[in-house]
Amino acid sequence: MSVVHEQGDTCTGMAPLSSILFKNRQEHENLRLINELSLAQVRRMKELYQDPRKTRRDVDEIREWVSNQPHLPKVTDDKFIENFLFGCKYDVQKTKTMMDRYFCVRGEKKHFFEGRDPSAPDIAQSFEVVYSIPMPELTPEGYRVITIGLLDGDPHKFSFLSLIRRNLMMVDYGLTQETAIGMIAVADCSKMSLRHLGQLSVTYMRDYFYCSLDAAPLRVEDIHLVNMPSFYGTFVSLLTRLLPKQLQERVHQHRTIEELHDYVPKCVLPVELGGDGPSVKDLNESWHKFLIANKEWFLTEGTKKADLSVKPEENPTHNGHWYSFGGIFRGKTSKEES
């Protein structure tokens, strides 16, 4: 299977990597989202892909459908549509529903999608305090590993809202680039404290999971929590309840890094987690530089959202949220304000 899209493809409006000055080749490699696939990964991808001619027709149908929706912004990036289609397992109707959610939630949860300047002080500090980044290599099965953890353990410097905004920017970027089989999240909790937990708003957690899991075509295979402090039991219980049912049984807790290696191979982990990959510090710096280089995209294309004032009434809201589609919060209500 050939690699047809290089990261930073100019058709997406993103600055190509070749136009950004990196300190060395490794910094460039840190940002790869399109890999040369192994034979095992190629076989897996072939199992998931459909006939390109059928995909072409489906993409055309979805693009035309979007253009006829009065509340949705114009979508011209076919790779973006194709990634939505793949994430919805080539179900055209499900793709339309997912794309509607994707843009509507940006109009509903404005506090998550404003301030999208990657050079802004709050985003810059977020990069200094927390890493939340994709690893450049895929697992043997073709999954992308997302690593998360604290670089600075000072709870006064930690902003959950800034981290959410930044993560959703990364989600948007990924949707213009790769068609990932799925993702594996690995969170290192070694520097987390009770004061950090006190800043994790339940409302923000709930809405963030909706934005990233129910309103984006992301397939999360597993979640691994490593170096778990003993006081994390209540937090993990809450986290699990907020996740989709199919993910609730895929949350794995590990007391040590060695336990993690039984689930996630070293070849796709950073050195801080006993892996063979680059350090999270280097990866984090590379990604921040890349987002800054694409500041204009995030402030223009990256701010597109639905105009809720003209949204057709056939998709009613549920308590002010777009949860009527079902999913994570089906059947639940909340008096919390967004």
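Note: the structure precedes this text.
Conventions adopted
- Residues numbered from 1 in each chain as written.
- Predicted model: local features only at pLDDT ≥ 70, side-chain atom pairs only at ≥ 80, totals over all residues.
- Heavy atoms only, no water.
- Pairing = 2+ DSSP bridges.
- Helix = DSSP H or I, 4+ residues; strand = E, 2+ residues; numbered from the N terminus.
- Axes fitted to C-alpha atoms, helices over the stretch in contact; angles between N-to-C directions.
- Buried < 20%, exposed > 50% of the residue type's maximum accessible area, 1.4 Å probe, protein only.
- Phe/Tyr/Trp six-rings, centres within 6.5 Å; stacked < 30°, edge-to-face > 60°.
- Lys NZ or Arg CZ within 6 Å of the ring centre and 35° of its normal.

**Considering the sheet that holds strand 5 (residues 251-254)**
Remark on secondary structure: sheet strands pair via backbone hydrogen bonds, oriented parallel or antiparallel.
Right, so step 1: Ordered in space as 1-2-3-4-5, the five strands form an open sheet in which the pairing is mixed. The two strands at the open ends of the sheet, each matched to only one other strand, are strand 1 (130-138) and strand 5. In this sheet, adjacent strand axes meet at a mean angle of 20° when their direction is disregarded.
Right, so step 2: Where strand 4 (residues 220-226) and strand 5 come together, four bridges link them in parallel fashion. Looking at strand 5, one finds that Val226 is bridged to His254.

**What to know about unusual backbone geometry**
Right, so step 1: Phi angles above zero are rare outside glycine, and Lys89 is one such case at about 55°.
Right, so step 2: Mapping Lys89 onto the fold places it in the loop between helix 4 (78-87) and helix 5 (92-108).
Right, so step 3: Backbone geometry at Tyr90 places phi at a positive 65°, although glycine is not the residue there.
Right, so step 4: With respect to the helices, strands and loops of the structure, Tyr90 is situated in the loop between helix 4 and helix 5.
Right, so step 5: Looking at Tyr90, the relative accessible area reads 11%, which means it is buried.

**Quick word on the packing of aromatic side chains**
Right, so step 1: Counted by the stated rule, this structure contains 12 aromatic pairs.
Right, so step 2: Plain terms: the ring middles of Phe80 and Phe103 are 6.4 Å apart, the flat faces sit at 50° to each other, and that makes the pair tilted. Here Phe80, found in helix 4, pairs with Phe103, found in helix 5; they are 23 residues apart in sequence, far enough to count as distant. Taken individually, Phe80 and Phe103 each receive the classification buried, so the pair is uniform in this respect.
Right, so step 3: Three or more aromatic residues joined by ring pairs make a cluster, and in this case those are Phe80, Phe84, Tyr102 and Phe103.
Right, so step 4: Positioned above the aromatic ring of Tyr102, the side-chain terminus of Arg106 is 3.7 Å from the ring centre.
Right, so step 5: One residue, Arg219, lies across the ring of Phe86, its end atom 4.6 Å from the ring centre.

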